[in-house]
Amino acid sequence: MATHAVHTKPRERMRFDQHLPVDHRLNTVYRIGAGLIGAFLVVFGILGLLDHIGFFNTGGATVAGLNANGSLSVLSIVVGAILIAGMAVGGNVASTLNMVFGVLFLLAGFLFLGLLDTTHNFLAFKIQNVFFSFVVGLLLMTFGMYGRVGSTLPHDNPYWRYRHPEAGQRVGQGEPDQGDQVR
């Protein structure tokens, strides 16, 4: 029984930072998502620092309905500033930052859910902080992945073209693909 090796050019890995034009309409979604959440985190952090809460205090001081301490306030300011910087740059940078920080917020939510009511809860999380972390993580991931993943991406979308290189070339040249033919 003979086997035939098919030699095809291996597809290189997709780099998210190369495929979306700078002036693409998705840029607005990425920027708004990063900016709003970043601004809230900065304000939360500043309010936490203004209350002179101890840096590793786990006593129960609340800011904007969330439990806080000095270290959580500083961390919030740093993460918020990074998201705002991503908003200023926009495009793929904002999208990638949204996705990365979205995953980090979800992981932090799970980590501190396990650390509730322990001595290792150094950021003074309470259950409302865990819920906030989950919601912000999901929002950031949604903003970051908007227009990059999905089954109904338009055929002019650079991510759809990457996943369908043969059809993407035809669509890019103005030729209809199988789904675009009039029946």
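Quick caveat: nothing in here was measured; it's all calculated off a predicted structure. (Residues numbered from 1 in each chain as written. Predicted model: local features only at pLDDT ≥ 70, side-chain atom pairs only at ≥ 80, totals over all residues. Heavy atoms only, no water.)

Detailed reading of the predicted coordinates is not advisable wherever pLDDT is low. For the protein chain, per-residue confidence averages 75 on the pLDDT scale, and residues scoring 70 or more make up 63% of the total. Averaged pLDDT values over the elements of the protein chain bottom out at 51 in helix α1 (residues 16–19) and peak at 90 in helix α3 (residues 70–89). The low-confidence segment residues 176–183 (pLDDT under 50) makes ten contacts with residues lying over four places distant or belonging to another chain. (pLDDT = per-residue confidence, 0-100. Helix = DSSP H or I, 4+ residues; strand = E, 2+ residues; numbered from the N terminus. Contact = heavy atoms within 4.5 Å.)

Moving on, we come to the layout of surface pockets. The volume enclosed by the largest pocket comes to roughly 350 Å³. What lines the largest pocket is a set of 18 residues, among which L72, L75, F105, A108 and F125 lie closest to the centre. Of all the secondary structure elements, the ones that give two or more residues to the lining of the largest pocket are α2 (26–50), α3, α4 (91–115) and α5 (127–145). If you tally residues by element for the lining of the largest pocket, the top one is α4, at five residues. Taken together, the residues of the lining of the largest pocket sort by class into 15 nonpolar, three polar and no charged. (1 Å grid on protein atoms, 1.4 Å probe; cavity = no way out; pocket = protein on both sides within 12 Å on 5 of 7 lines; lining within 4 Å. Points joined across faces, edges and corners; volume = space filled by probe spheres on them. Nonpolar A, V, L, I, M, F, W, Y, C, P; charged D, E, K, R; others polar.)

Let's shift gears to the environment of L106. Here L106 is to be found in helix α4. Taking the relative accessible area as the measure of exposure, L106 reaches 16% and is therefore buried. Expressed as a C-alpha distance, the spacing of L106 and F131, which sit 25 residues apart in the sequence, is 9.5 Å. (Buried < 20%, exposed > 50% of the residue type's maximum accessible area, 1.4 Å probe, protein only.)

This part takes up the side chain of S76. Note that S76 resides in helix α3. Residue S76 is classed as buried on the basis of its relative accessible area of 7%. At 2.8 Å, the side chain of S76 forms a polar contact with the backbone oxygen of L72. Leaving out residues up to four positions away in the same chain, S76 has contacts with L41, V42, F44 and G45. (Polar contact = N/O pair within 3.5 Å; in protein donor to acceptor, adjacent residues only side chain to side chain.)

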